Each structure stands twice: as C-alpha cells, then as structure tokens.
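Results of the structural survey
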2 protein chains.
Amino acid sequence: LKALAILSSDALSSVAYGPEQILIVLATVGVVAYWYSIPIAIGVLVLLMALILSYRQIIYSYPEGGGAYVVSKKNLGENPGLIAGGSLLVDYILTVSVSIAAGTDALTSAFPAIHDYKVLIACILVIVITLLNLRGVTESASVLAYPVYLFVIALLILIAVGLWNVATGQTPPVTHTAMGTAVPGVSLFLLLRAFSSGCSALTGVEAISNAVTNFKKPAAQNAVRTLSAMGIILAILFSGIIFLGYWYGISPKGNETVVSQIAAEVLGRNGLYYFVQGTTALILILAANTGFSAFPLLAVNLATDKYIPRMFTIRGDRLGYSNGIVTLGAASILLIVIFNGQTEKLIPLYAVGVFIPFTLSQTGMIAKWLKEKPKGWQGKMIINLVGALITFIVLIIFFTTKFTQVWAVLIFLPVMVLAFHRIKRHYEAVGEQLRISDDDQTTFALSGNVVIIPVAGMTKAVERSLSYANLIGDTIIAVHVAFDRKSEKVLEEKWKRVHPDIRLVTFYSQYRSLVRPLLRFIDIVREKSKDSNMAVTVLIPQFITSKSWHNMLHNQSSLLLKAHLLYRKNVIVTTLPFKFKK
Amino acid sequence: LKALAILSSDALSSVAYGPEQILIVLATVGVVAYWYSIPIAIGVLVLLMALILSYRQIIYSYPEGGGAYVVSKKNLGENPGLIAGGSLLVDYILTVSVSIAAGTDALTSAFPAIHDYKVLIACILVIVITLLNLRGVTESASVLAYPVYLFVIALLILIAVGLWNVATGQTPPVTHTAMGTAVPGVSLFLLLRAFSSGCSALTGVEAISNAVTNFKKPAAQNAVRTLSAMGIILAILFSGIIFLGYWYGISPKGNETVVSQIAAEVLGRNGLYYFVQGTTALILILAANTGFSAFPLLAVNLATDKYIPRMFTIRGDRLGYSNGIVTLGAASILLIVIFNGQTEKLIPLYAVGVFIPFTLSQTGMIAKWLKEKPKGWQGKMIINLVGALITFIVLIIFFTTKFTQVWAVLIFLPVMVLAFHRIKRHYEAVGEQLRISDDDQTTFALSGNVVIIPVAGMTKAVERSLSYANLIGDTIIAVHVAFDRKSEKVLEEKWKRVHPDIRLVTFYSQYRSLVRPLLRFIDIVREKSKDSNMAVTVLIPQFITSKSWHNMLHNQSSLLLKAHLLYRKNVIVTTLPFKFKK
Ligand SMILES: [K+]
Ligand SMILES: [K+]
Ligand SMILES: [K+]
Ligand SMILES: [K+]
Ligand SMILES: [K+]
Ligand SMILES: [K+]
C-alpha cells in the first residue's frame, strides 16, 4: 500500500492541473463550449485505460524495471533508446517544474496575498527539495506516503460533498449550454487541442513500471495490482473534478486554480477547503520529488553504456548523483523563471517529454512480441499496438496544435542524442589510448625529479616542504614573488643565512600578481627538464584549519596555482598538508 | 571630462528614482499634498550643497582616495572604520540592485508588454554585468562616458521642452492645491519621511572622492572641479523633474515611472520619448557597474589590514576580485528577487548604506581638523560639522520613519564588524604558529616515503605512476576497488604477471562506492607510518584531454578523492598528468 502511495504521487497529483488545462482551451471560445469537457474527459479516460493495460504487460516482461530507455534500446535499437533517454530527461526536469508551479498555484489560490511572490515561492520550493535530495531523502521514506492518502481522502470528500449537493438538488446546475449543443467557433482543431491538454492528467502513470523491484514478492503481480488500483483512483478523481467543474460552471482564472474554485464553491472557504488545498500542494511537492528519485536510475543505465560521464556509475559515493540533482534543480528553476511560473505554459513541454517515452515503450513492446512470439502474443501485441497508436496520435496532436510551445523539444532531443554519441565515441578512443602494448614498458623511465617550492616567507610550512623535497627530489629550487623591493631583499638575505645550499629565485611583481610569475618560471624549468627526462614536481602547501570557516581564509592562491598547473602536461603537483592547532 | 562622465553616472542616475520617492510618500495622503514636493526638494538641494562642500575638503585632504573606510579608520579608530566598511558593502550591493531595478522600470515603462517579466529582466541584467566585470570591463573604458552625456542631454531637452510649454502657456498647470495650502493628514513625520526618501537622489555623490587618483594632475583640483560640475548638473536635473512633475500633476504609478510619465506628457510617445527612457536605462546600468568597480578598491584596503581573506590583496591574479564580483552579483540578485524588483522597497536600505559612510566620513574629517589644526581649520571644521550633522539627522530620520524597512542593516553591520575582527584574530594566531623558533629545525626530518597508487585497471597511466613512484618512494602499494568479483580476480592475476614485485591490495565494494574503501585503506597506512616517521603520498592520475568539454568526462572520482584527502593531515597528495592525444 505504501508503494502504491509513493509511486502514485506523480500520477495522482496530475488531477490538480489536468482538468484545468481542458477548460483553459475551451475558455478561448467561451462558457458555451464548456460542455465539451465531458466528452473530452471520456476520451482521456479511454487513453488512461489503454495505458494501464499496456503497462501491465511491460511490468510482466521487465520485472527488473522497464524504463523507456531500457525497453526502447533492447527492442528498437540504439537511437530510439537514446531518444527515449533524452525525453526522460525532459520529463524529469518538467516533472519538477510543473509539479512545483502547480503546487505554488494551490498555495496562492488559498492565500491570494502571496500571489505576487509565486515565482519566488516556486524557486524556494525547488531549492528545498534539491537540498533534501542532496542530503539523501529516499523515495522509500514511508512518511512520504501520508500526503498521498490525505490528498485522495480530501478529493474524495470534495467530490462526495459536491455530488451530494447535486443529488439533493441543493445546487442546480449553473445555466450553461446543454450538452450536445453545437457551438460556433469550436473546431476539431480546438477539441484536439483541449484533448491533448487534458492528457497532461496522465503524466506519471509510467512510474510504477520503472520501480517493480521495489515491490514485495511476487513483485510483478503486486506492481500490476498497484497499477490498476492507481488507475481506478485516478479515473475517479479526474471524472469527479471534471463533472463538478462543469456542473458548477467553473471558469479558469489566472489567480485561482479550478480545484480551488470547486472546493470554495462546494465546501466554502473553511477548514476543509484549506485541507484540500494543503494536501494538493503537498502531493504536488511529493510528485516533484519523484523527478529527483527517477533520475539516478536512468543515469546508471546511461553511464554503464558510456553515453554520459562515467562518474554516474559510482552510486555509492553519490558524486554523479549529486551533480545530477543540482543540474535537475537548476534546470527546473530556469524553466520556472523563463515561463514566469505559469503552469499552463510548462505543461505542453512536460506532456511531450512524457508521451515520447510512452510511444517508444509501447513500440518497443510490439517489436518484442514480433521477435519472440510467446504464447498468445497476438493479443498482447494488439494491446501494445493500441497503446502505441493512441500515444503516437496524441504526440502528433501535440506537435500540430501546440507547435509554438513545444518546438524546443525538437532541438533539445537531437542535441542530446548527438551528445550521447560523442561521449561514447570519446570514451572508446580514450580506452584505446590507455591500453598497454608490448613495447611501451620503457617509455616511462624517468632520470630524476626537479622539485619547485613556491615560498611566501620563512615559515614552518616552508621547512616541512624542504624536508619532503629532500626525500623525493634530486634538484630543489625555491621561488618567491615579492610585491615590494624591500621585502624581496629581506627574504633573500635571510634565506642565504638559513639555507645556503638551496637555490632561491625571486621575482618582483609590479601589478601584485602572484600566479603569473610562478607559472612563467615553472614553464621554463619544465622546458629545460624535458631533454634530460627529469620529472618536474611543484610542492604546494595546504593549510588545514581547525574551524572549517577558517579554510576560506587560506589556500586560495594555492588553489588558483593548482588550477593552472593541473592541466599543464609534464608538471606534477604535490599538495603538502600543514595543520594549524587553532 | 570623461572622468566626470563615468564617475558621475552613480550620482546623476539617481534623479531617475529620487523625485519619484518623494511623490510616493506624498501620494499616501493624496494629490492635494503634492505641492510639498517643492519645499522638500529645496531641502534636498541644500543637503546636496552641504555634501559637495564637505567632499571638496575630503578630496583635498586625501588625494590618494578618501573612501569612508580609510577616512573613518584613520581619524575615528578601528570600529568606526569597520562600520563604514560594512556599510559600504551594503552600499555597493544596493547600488547594483537599485540601479538595475530602476533601469528595468525605465524599460518596462517604455514597453509595458514586458512588465510582467521585470524580475527576470533585472536578474539577467545583473548577470550580464557580473560576467562583463569578470572578464575585466574597467571603469576607464571611455566608451562608457557616452551614456552619461546622452542621458544629460536627453533630460535637459525634456526639461527645456517642458519649461517652454509652461512658459508659452501651452500647458496650464493641472488643477491641484495651490502651494502653501495646509493639507490635513500631512504630519511632520510624513514630511520627514518624504524628505528622507528624496535623499536617495544624493546617493553616489561620494564616488569622485574615492577615485581622485584617476584624475590628471593637478588631481585634487580637477577632482574638485568635476565634483562641483556634477553637483550643478544634478541640481538642475533634480529640480527640473520635481517641477515638471508638480506642474503636470504626475502621480506615481506601479507600472510606469514618474520620469516616463513626464516624458510622455511633455514629448508624447515618440522617438524622443524612447531616447529619454533608453538613456535613463543605460545610465542606470552604468551606475550599477560602479558598484562592481568600487568593490576591489575597498577590498584591497580591508585585506591589507587582514579584515577579509588575504586573497583580496593579490589584485593581479584577480582571484579575490572575481570572488567578490560573483558575491556582489549574487547578493544583488537575491535582494531583487526578495523585494520582487520593487525599486521603492530597495531604496531605504540603499540610502542607509550610503548615509552611514557619509556621516562617518564627515565626522572623521572633524576629528582630523581638531587633531591637526591646520591654518583656517575652524572654517573647514564648520563645513564638515554641518555635513556630519545633516547626514546624521537624515540617518536618524531614516531609522525612525522607515524602521520596518531598514532594520536588517542593524543586524548586518554588527555581524560584519564581528566577522572582520574574527578574521583578523585568526590571521594573527596563524602567523604566530608559522613563525620559526630556534629549536624547530629537526622536527621535520622524514625517514622515508610510502607511495599509494589507486589503480582502475592495467593502463598506461598506471605504468607512468609506477615509474614516478619508483623515483620518489621507498615502499609502493597499488590499491584497486572492484565492483564485481570477476573483474577483481582478472586484475589480480594480470598484476602478478606484469608487476610481481609490487604489492596490489584489492577491495570489493558491494554498494558501488569507490572513494570510501580507498580512504579507509589510506587511513590505515597513515596510522602505521606515523611511528616510523614516514611520509604517506597518494599518487592520483589527472587526465588531460585535448578538447576542454572532454575534461568533465574524466577525473571526477579523482577530484572527489582529492577533496577528501586534502583536509587529512599527514597525507600528501600528488597529481600526475596524463595527456590524451585525442
Ligand atoms: K505528473
Ligand atoms: K513524470
Ligand atoms: K599538471
Ligand atoms: K546612485
Ligand atoms: K553608491
Ligand atoms: K592531505
């Protein structure tokens, strides 16, 4: 049940914005067109059923987790798999953006005073979720299940009270056009547009199929049962909201969501109303979190196949994971800011990012059935064929009716696929260069080690560096950069007295530059040592402070020097720790 | 003349928002109170004159640049100097925030369609200026003078046309309360509030006194002449706008600036109108830039006195400078976002940040005259006394009439002063620890070097590491972390064949963690080597790619390992470059 709850948050939360999207399109014609929301909703429900049936089969076929990337790559080949992978990145970014934008809408509907700070609130929410994920909030934390229960309960109460009012005749239908009336200005194009907008209510139904491994045994059966239960709840909530919206004659408004308007009409602006808004905001935030949880699963797959940086394979150290999370958070903030936090402008991109993997998964399953032909494959294939066809048609509708809003995906996807290919090609070239051939053994012999020690003054740190240099070096050179002539002379004399046997080179830097003179000197030494096949090692002290905030008071110019030396070939950089006691 | 132009942008640009601030306060009572803007403006002009006279004396006394930090510290002592320094940080951050917010207002007044994207536009502008400053745009670039000329010309045309209309009777005054009428609801408190708001028009007049060294010889005379010229121009522009605003009966509006309304009334919405708005936006952007240019001057002073990290003293390498610029940009974006881009909410903070250094500078000058008593010191002291008194009174007015808006400064300043002190104390403690005493010489002797080489596989990079390890080490240990048992075995066998004399230690990491097992092993070796006084060196390969974007495909786990080792005492980290050919 908990698995149901947490994995369903993505799908169920969609009813917070899906119905509204249909009304927004119909509102361009006028109130008279609202009755069309009922047949359009029926179309969405049919599509929902087709998707649920299709995903049942994916779950049974890929009990190890059937993400669109895996299914497409295995059955359709490399490039379809990569397109699915790229679309999933769009999907995850926009899962965060859309859910947070819609969650903020739920909050600002309840508290109109904060409406002006919508973008700020949305950005702060994304930052908080990003930080929580960096610290390692997992999808399995069972406390995360409660918002989902509460949301379902809240909406069921809302729908029940609403229907009771309708049944007892307390609320006569708002006088609007009777169902079936032909409305001038309503074209097929507009209806398709409204239908495709409504399909945003289906985003997230794929989540369960990706996480079959999270279920208790028998995992596949349990996952399928969960999927079906989720589909039924989603259908009830979606239909209920659509019907109440129609019956109460709700019009989409810029500053209040449709769900909020329905709740205010049905319940009044009392505690129950705030309960509905609060749980809606919570489940949407939870849905945003699924974007972060889904990302590393895809990343390990892509990284193992060498399409993205190798670091994403190292899950235990969370390095790639952290980079991914920060990128995800930053990208979704960027989108929220670009679209000024307007949910309805983000949704087309989101839906496209979801329906491309939908289509590819189903198509992959068709290819699988055609190849393997297991018992009863014809029936299974027809189910996936219907799923693939409908999702493909929805995609076409998207690109024809909302091209101005979704064209960016057509640029992003090829760029991503190209990047995937180039990264793989690079890794293969590098592997070739690192391979040892039989005659290489001798090339690496070194005849000695020149050690360069940048020196700021006569300190204990310098003494320690010298003792290590004596251990590892054949030639030792100390270098000092002075900002005034006087201190230059003082150091030179002191040095001669204490270390008469070690060479000190000093430079005077008129423009208070430390790193450039050092680099110039190191380059000269490097050139000279090349012929004699000597290694050149630069010794840099690293001060370790007892309080961590003190660290930013030290080592900054060392860091800068290191950053410059790191990408110089033939210069070896050695960092020598020096611990302060206080 | 160019110096005049660029240094004056900060001060002159203030007329874009100063007059409006007065009207915003008066508008809380109503149109009937607008006539008070005239006497209030006269008060502001008197204060302007006092400031100009005071700063003349500062320029003559500190021809090497008399920033408030230097003047206060030298004459009043450490803490007043640090308060001035902290206030100047507030000043610089808000110079950027306010100027950019006001510049965006000028743009959105001209193009109302982009009004909804105000915050976004402001943030983008700050980012662009930040990037330009990181790349090294200097205040001396003479092309930056033109926006100032054009702005002055544009406003002079606007004022001239407006006055012509008034003089020829084409524009009868809008029927509003005659000057001198007592208006119910106008309290002294309100008038003081309006006056302090108007003082925001004086922010930036100190800029010239900070940059006397930029002038041709005789620098002080030229600077003073420039200061006076700027004062006169500022007075003309300020009075002109106040008068036209009054005559045309302009009310402050949320979506259009007062200057834009005046320009639209006087000129009509034609090319000239857009010229006024465009040059206003440009000079405000230029004024924002002065915040970035002024910062490093203060930073070198504070860093030389050890109140902020030492890196800020190294100007040539631009490290501290870059950090400062990024911090400045980030802080001002933060403020813009927090205040939703509303100029009038940012201005009180800005004005406080400016008037604290104003007051401290003048007070410092008084102390100087009292101490040194040069010829005619009484007259000079009276001028600075008047300046100090008025600016102090303005400050008091700020804190009493706008406490709810400026209280944050009262928290920020003590925190900054405390931080300054703690940084200085830390640097002094550290200097003590690094000083060499006579009996230290022997403590650093090392008896040998244990070299640890993390190994990912049998590659050329490993061969090179081994050859360097042979050069510098007495004991060599290779370490491998395997994610599966099979690859672990394969490597072990291969290693035995190729390097039978070098010890290989392998670990199996179930959770795909690379860094943690390595760290654990290094810590064990470190413990063992402590007693025998051996150095422990970890050799880490650094792959250098030919294309820079390839770099992010490598070295990530090395970086992570290095980051962990950097702050472990007694572990020396050596980075060995390995260059890829493609
Ligand atoms: K969703
Ligand atoms: K999703
Ligand atoms: K290097
Ligand atoms: K200013
Ligand atoms: K300023
Ligand atoms: K270390």
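What you are looking at is a predicted structure, and each value in this text was computed from that prediction instead of being measured.

Side note on the overall build of chain A
Counting its secondary structure elements, chain A contains 20 helices and 5 strands. The C-alpha radius of gyration of chain A comes to 32 Å, more than 25% above the 25 Å expected for a compact globule of 582 residues. Counting all 582 residues of chain A, 58% fall into the buried class. Taking contacts inside chain A between residues at least 6 apart in sequence as the whole, the part at least 24 apart equals 80%. With the model as given, the accessible surface of chain A reaches about 24,200 Å², and the carbon-plus-sulfur share is 65%. Of note, chain A has its 49 positive side-chain charges centred 4 Å away from the centre of its 30 negative side-chain charges.

Overview of the coordination of the potassium ion (ligand 2)
Residues and elements named next belong to chain A. Only Asp10 (OD), Asp91 (OD), Thr95 (OG1) and Tyr350 (OH) from the protein coordinate the potassium ion (ligand 2), and they sit 2.7 to 3.1 Å from it. Each donor residue of the potassium ion (ligand 2) belongs to the same chain, with the gaps between them written as D-x80-D-x3-T-x254-Y. A separation of 4.8 Å is found between the potassium ion (ligand 2) and the potassium ion (ligand 1), which share Asp10 as a coordinating residue. Taken together, the residues span about one helical turn, with Asp91 and Thr95 both in helix 5 (residues 78-110) at a distance of 4 residues. No difference in accessibility class separates Asp91 from Thr95, as the two residues are buried.

Remarks on the sheet that holds strand 3 (residues 503-508) of chain B
Paired through backbone hydrogen bonds, the strands of a sheet run either parallel or antiparallel to each other. With mixed pairing, 10 strands are arranged side by side in an open sheet as 3(A)-2(A)-1(A)-4(A)-5(A)-5(B)-4(B)-1(B)-2(B)-3(B). Two strands close off the open sheet at either side, each with one partner strand: strand 3 (503-508) of chain A together with strand 3 of chain B. Between one strand axis and the next, the sheet turns through 25 degrees on average, direction left out of account. Pairing analysis gives 5 bridges linking strand 1 (residues 448-454) of chain B to strand 4 (residues 534-544) of chain B, with the strands arranged parallel. Note that in strand 4 of chain B the partner of Ile452 of chain B across the bridge is Val538 of chain B.

Quick look at the relation of the copies chain A and chain B
You can overlay chain A on chain B at an RMSD of 0.1 Å; the transform is a turn of 180 degrees with a shift of 0.1 Å along its axis. Here the copies are linked by what is in effect a two-fold axis. Mapped onto chain B, 100% of the interface residues of chain A are again interface residues, and the two copies thus contact each other with one and the same surface.

So, the environment of Val326 of chain A
Topologically, Val326 of chain A is positioned in helix 13 (residues 319-338). Non-local contacts of Val326 of chain A, meaning those with residues more than four positions away in its chain, are made with Thr130 and Leu134 of chain A.

Here's the deal with the packing of aromatic side chains
On inspection of all chains with the given rule, the structure shows 24 aromatic pairs over all chains. Centre to centre, the rings of Phe355 of chain B and Phe398 of chain B are 6.3 Å apart; their planes meet at 45 degrees, and the pair counts as tilted. Of this pair, Phe355 of chain B sits in helix 14 (residues 343-372) while Phe398 of chain B is found in helix 15 (residues 377-401), placing the two residues 43 residues apart along the sequence. Members of the aromatic cluster, joined through ring pairs, are Tyr55, Phe355, Phe358 and Phe398 of chain A.

Describing the interface of chain A and chain B
Tallying the contact residues gives 86 residues for chain A and 87 residues for chain B. Here chain A packs against chain B, burying approximately 7,500 Å² in sum over the two surfaces, 63% of which is carbon and sulfur. Our count for the chain A to chain B interface comes out at 0 salt bridges. Across the contact surface, chain A and chain B share 9 residue pairs in polar contact (both at pLDDT 80 or more). Relative to strand 5 (residues 571-579) of chain B, strand 5 (residues 571-579) of chain A is paired through 3 bridges, and the arrangement is antiparallel. For Val573 of chain A, the partnering residue across the bridge sits in strand 5 of chain B and is Thr575 of chain B.

With respect to unusual backbone geometry
Despite not being glycine, Lys373 of chain A shows a phi value in the positive range, around 45 degrees. One can find Lys373 of chain A in the loop between helix 14 (343-372) and helix 15 (377-401). By relative accessible area, Lys373 of chain A is classed as partly exposed at 48%. Residues other than glycine seldom take positive phi values, yet Asn570 of chain B does so here, at roughly 70 degrees. Here Asn570 of chain B lies in the loop between helix 20 (556-566) and strand 5. Its relative accessible area of 35% is what places Asn570 of chain B among the partly exposed residues.

Side note on the nonpolar core
Counting 148 residues, the largest nonpolar core has Leu26 and Ile100 of chain B as the members making the most contacts within it. Within the second largest apolar cluster, 147 residues are counted, among which are Ile38, Trp247, Ile333 and Val417 of chain A.

What about the packing of helix 6 (residues 118-134) of chain B against helix 12 (residues 271-304) of chain B?
Residue and element names in this part refer to chain B. The geometry of helix 6 relative to helix 12 is characterised by a closest axis approach of 10 Å and an angle of 50 degrees between their N-to-C directions. Taken together, the axis directions place helix 6 and helix 12 in an arrangement best described as oblique. Both helix 6 and helix 12 take part in a crossing whose hand is right-handed. Contacts from Leu125, Ile129, Thr130 and Asn133 in helix 6 reach Ile285, Ala288, Asn289 and Phe292 in helix 12. A breakdown of the residues in the contact of helix 6 with helix 12 according to their chemical character gives 5 nonpolar, 3 polar and no charged.

Re the pairing of strand 1 (residues 448-454) of chain A
All names here are of chain A. In terms of burial, strand 1 is a largely internal element, 7 of the 7 residues being buried. What you see with strand 1 is no split at all: Gly448, Val450, Ile452 and Pro454 on one side and Asn449, Val451 and Ile453 on the other are buried throughout. Alignment of strand 1 against strand 2 (residues 475-482), held across 5 bridges, turns out to be parallel. The partner of Ile452 across the bridge, within strand 2, is Ile477. Viewed along the sheet, the connection from strand 1 through helix 17 (residues 460-472) into strand 2 turns out right-handed.

Details of the confidence of the model for chain A
Confidence in the prediction for chain A averages 86 pLDDT; 94% of positions are at 70 or higher. Per the prediction output, this complex has pTM 0.70; the corresponding ipTM is 0.71.

Description of the environment of Ser558 of chain A
Residue and element names in this part refer to chain A. Relative to the assigned elements, Ser558 resides in helix 20 (residues 556-566). Its relative accessible area of 14% is what places Ser558 among the buried residues. Along the primary structure Ser558 and Phe543 are separated by 15 residues, whereas in three dimensions their C-alpha atoms are 9.7 Å apart. If near-sequence neighbours (up to four positions away) are discounted, Ser558 is found in contact with Ile540 and Pro541.

Here's the deal with the side chain of Thr279 of chain B
Structurally, the position occupied by Thr279 of chain B is in helix 12. What makes Thr279 of chain B buried here is its relative accessible area of 4%.

Regarding the pattern of salt bridges
All names here are of chain A. Taken as a whole and assessed by the stated rule, the structure comprises 18 salt bridges over all chains. With a closest N to O distance of 3.2 Å, Glu256 and Arg269 form a salt bridge. Placement of the pair is Glu256 in the loop between helix 10 (219-247) and helix 11 (258-267) and Arg269 in the loop between helix 11 and helix 12 (271-304), with a sequence separation of 13 residues. One salt bridge connects Arg526 with Asp523, and the closest N-O pair in it is separated by 3.2 Å. One end of the pair is Arg526 and the other is Asp523, both in helix 19 (residues 515-531) and 3 residues apart, which spans about a single turn. In the salt-bridge network here, residues are joined through shared partners; they are Lys253, Glu256 and Arg269.

Scoring rules and cut-offs
Residues numbered from 1 in each chain as written. Chains lettered and ligands numbered in written order. Predicted model: local features only at pLDDT ≥ 70, side-chain atom pairs only at ≥ 80, totals over all residues. Heavy atoms only, no water. Helix = DSSP H or I, 4+ residues; strand = E, 2+ residues; numbered from the N terminus. Rg over C-alpha atoms; globule rule 2.2 N^0.38 Å. Buried < 20%, exposed > 50% of the residue type's maximum accessible area, 1.4 Å probe, protein only. Contact = heavy atoms within 4.5 Å. Areas by Shrake-Rupley, 256 points an atom, 1.4 Å probe, with all protein chains shown as cover. Lys, Arg positive; Asp, Glu negative; His and termini not counted. Charge placed at Lys NZ, Arg CZ, Asp CG, Glu CD. Donors = N, O, S within 2.8 Å, 3.2 Å for Na, K, Ca; no water. Pairing = 2+ DSSP bridges. Axes fitted to C-alpha atoms, helices over the stretch in contact; angles between N-to-C directions. Least-squares fit on C-alpha atoms with pLDDT ≥ 70 in both. Phe/Tyr/Trp six-rings, centres within 6.5 Å; stacked < 30°, edge-to-face > 60°. Buried area = accessible area lost by both parts, 1.4 Å probe. Salt bridge = Lys/Arg side-chain N within 4 Å of Asp/Glu carboxyl O. Polar contact = N/O pair within 3.5 Å; in protein donor to acceptor, adjacent residues only side chain to side chain. Core = buried A, V, L, I, M, F, W, Y, C linked by side-chain atoms within 4.5 Å. Parallel < 35°, antiparallel > 145°, perpendicular 65-115°, else oblique. Left-handed = near helix turned anticlockwise from the far one by under 90°. Nonpolar A, V, L, I, M, F, W, Y, C, P; charged D, E, K, R; others polar. Right-handed = clockwise from strand over helix to strand, strands pointing away. pLDDT = per-residue confidence, 0-100.

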